[in-house]
Amino acid sequence: MKQKFLNLILFVSVLLLQMPAWAGPGSKLLLKIVGGLAQNGMERMSDAQQDEATRRQEEIGRFAAEQMKDFEDEQTRQKVFYFGRKAIWPGIEAMERGDRDKAASVLEPEVTKRNPVAEFYLGKIWFSNGQKARKDQGKLLLLRSAGKGFVPAQIFVGQQYLSLGTTAFREKAFFWFLISKKCSKYLVSFFNQGTSDYQPDLDAAASQTANLEKILGIDAQVASKKKVESWRPDPL
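Here we summarise the structure given alongside this text. Predicted, not measured: the structure shown is a model, and the values here were computed from it.

A few points about the packing of aromatic side chains
For step 1, the next point in the chain: Counted under the stated rule, the structure contains seven aromatic pairs.
For step 2, the next point in the chain: Centroid distance F127 to F156: 6.1 Å. Interplanar angle 80 degrees. Geometry classified as edge-to-face. A residue pair is termed long-range when its members are at least 10 positions apart, and F127 in helix α6 (residues 116-127) and F156 in helix α8 (residues 151-163) qualify at 29 residues. Judged on exposure class, the residue F127 and its partner F156 are both buried.
For step 3, the next point in the chain: An aromatic cluster of three or more residues is present, and its members are F81, F120, Y121, F127, F150 and F156.
For step 4, the next point in the chain: Above the face of the W126 ring, R134 is positioned so that its terminal group lies 4.2 Å from the ring centre.

Observations regarding the side chain of N115
For step 1, the next point in the chain: Along the chain, N115 falls in the loop between α5 (100-112) and α6.
For step 2, the next point in the chain: A polar atom in the side chain of N115 sits 2.9 Å from the backbone nitrogen of V117.
For step 3, the next point in the chain: Leave out the neighbours within four places in its chain, and N115 touches G84, A87, I88 and E110.

A look at helix α7 (residues 132-147)
For step 1, the next point in the chain: Taking 1.5 Å per residue, 16 residues should reach 22 Å; α7 reaches 22 Å between its end C-alpha atoms and fits that length.
For step 2, the next point in the chain: Every buried residue of α7 is accounted for by G138, L141, L142, S145, A146 and G147.
For step 3, the next point in the chain: In this structure, the buried residues of α7 make contact with α5, α6, α8 and α9 (167-183).
For step 4, the next point in the chain: One or two steps after α7, the chain reaches G149, where phi turns positive at roughly 100 degrees.

What about the nonpolar core?
For step 1, the next point in the chain: Ranked by internal contacts, the top residues of the largest apolar core, which has 42 residues, are I88, L107, F120, Y121, L122, W176 and I179.
For step 2, the next point in the chain: Contributing elements (two or more residues each) for this core: α4 (89-97), α5, α6, α7, α8, α9, α10 (202-215) and α11 (218-230).

A word on the packing of α8 against α9
For step 1, the next point in the chain: Here α8 crosses α9 at 160 degrees, and the two axes come no closer than 8 Å. One way to sum up the angle between α8 and α9 is to call them roughly antiparallel. Taken as a pair, α8 and α9 cross one another with a handedness that is left-handed. Two secondary-structure elements touch here, α8 through V151, Q154, I155, V157, G158, Q159, Y161 and L162 and α9 through F169, R170, K172, A173, W176, F177, I179, S180 and C183.

Quick word on the packing of α4 against α5
For step 1, the next point in the chain: Look at α4 against α5: their axes get within 8 Å of each other, and the N-to-C directions meet at 160 degrees. In this view, α4 runs roughly antiparallel relative to α5, as classed from their interaxial angle. Of the two possible hands of crossing, α4 and α5 adopt the one that is left-handed. Contact with α4, carried on its side by P90, G91, A94, M95 and R97, involves K102, A103, V106 and L107 of α5 and no other residues of that element.
For step 2, the next point in the chain: Classifying every residue of the contact of α4 with α5 by side-chain character gives six nonpolar, one polar and two charged.

Some points on α8
For step 1, the next point in the chain: Helix length check: α8, at 13 residues, gives a terminal C-alpha distance of 18 Å against a target of 18 Å (1.5 Å per residue), a fit within 8%.
For step 2, the next point in the chain: Those residues of α8 not exposed but buried are V151, P152, A153, Q154, I155, F156, V157, G158 and Y161.
For step 3, the next point in the chain: Of the surrounding secondary structure, the elements contacted by the buried residues of α8 are α6, α7, α9 and α10.
For step 4, the next point in the chain: Once α8 finishes, G165 follows within two positions and takes phi at roughly 85 degrees, a positive value.

Notes on the environment of K225
For step 1, the next point in the chain: By the secondary structure assignment, K225 is in helix α11.
For step 2, the next point in the chain: Under the relative-accessibility criterion, K225 is labelled partly exposed at 35%.
For step 3, the next point in the chain: Considered as a pair, K225 and I179 are 46 residues apart in the sequence and their alpha carbons are 9.2 Å apart.
For step 4, the next point in the chain: Ignoring any residue separated from it by four or fewer positions in sequence, one finds K225 in contact with F174, L178 and E213.

About the cut-offs
Counting starts from 1 at the beginning of each chain's written sequence and moves along it residue by residue. For a predicted model such as this one, the threshold for reporting local features is a pLDDT of at least 70, and the threshold for listing and counting side-chain atom pairs is 80 or more; totals across whole chains, interfaces and linings nevertheless cover every residue. Water and hydrogen atoms play no part in the side-chain values, which are based on all heavy atoms of the structure. Only Phe, Tyr and Trp rings are paired, with Trp represented by its six-membered ring, and only when their centres lie within 6.5 Å; those with planes under 30 degrees apart are stacked, over 60 edge-to-face, the remainder tilted. Here a helix means four or more residues in a row that DSSP labels H or I, a strand means two or more in a row labelled E, and each is numbered from the N terminus. Using a 1.4 Å probe on the protein chains alone, a residue whose accessible area is under 20% of its type maximum counts as buried, one over 50% counts as exposed, and one in between counts as partly exposed. In this scheme, the term charge over a ring applies when either NZ of a lysine or CZ of an arginine sits within 6 Å of the ring centre and within 35 degrees of the ring normal. We call two N or O atoms a polar contact when they sit within 3.5 Å, provided that within protein one can donate a hydrogen and the other can accept it, with sequence-adjacent residues counted only if both atoms are side-chain atoms. In this description, contact between two residues means that some pair of their heavy atoms is separated by no more than 4.5 Å. Multiply 1.5 Å by the residue count of a helix minus one, and that product is the helix's expected span. Each nonpolar core is a collection of buried residues, namely Ala, Val, Leu, Ile, Met, Phe, Trp, Tyr and Cys, held together in the definition by side-chain atoms within 4.5 Å. Structural elements are reduced to axes, namely lines fitted to C-alpha atoms, with helices fitted over the stretch in contact, and the angle between N-to-C directions of any two is expressed from 0 to 180 degrees. With respect to orientation, any angle under 35 degrees is reported as roughly parallel, any angle over 145 as roughly antiparallel, any angle of 65 to 115 as roughly perpendicular, and every other angle as oblique. Crossing handedness: left-handed means the near helix sits turned counterclockwise from the far one by under a right angle, and right-handed means the same turn made clockwise. Residue polarity follows a fixed list, in which Ala, Val, Leu, Ile, Met, Phe, Trp, Tyr, Cys and Pro are nonpolar, Asp, Glu, Lys and Arg are charged, and the others, Gly among them, are polar.

In structure tokens:
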């Protein structure tokens, strides 16, 4: 009975700690009540039960802190991607007109500010350049943007790796397609307005992922999925 009571208290605590939207006076009072109940329950437990309860409460605290950090990071990236796009809008328009020189003149200053959206667009311009040095610079920018969680860059990088055809590059493509799905939470509705370049084709990426699952061996798939689980976007 005591164990069921403790489990209930811990379950309610997790629900409250995971939901930032509830962080008002009411939820704080409820957390205080739950904490009091848990304390009273712990006073009636054996030392071993108290140690186990303390360990589980610490685990819940760490889990809740991680969830809150992920939530705050997600909100930050949404803002950076949105305002990063606004800052380079003249450059995007120039790209659509085919004026790459004008686009580059707008994008380059923003790239120096580590704007992941500018890195993506300028990376595409340079990657399509015939000169190897410039092409390599473009690849670097695309990988930087993808590494920061920008989904259009991740899908573009995945498609480029896929086009190279070898098993090693297919595995890299598979990884980036999986990452794009993981990072799709950073996309919000207002990102889907405007240029086609800014609308990542998640359906196409999902289809390509499914095709790769039929081609790649189980070991390669498992290795990629483990990397995806531990992957975190680079600092902005």
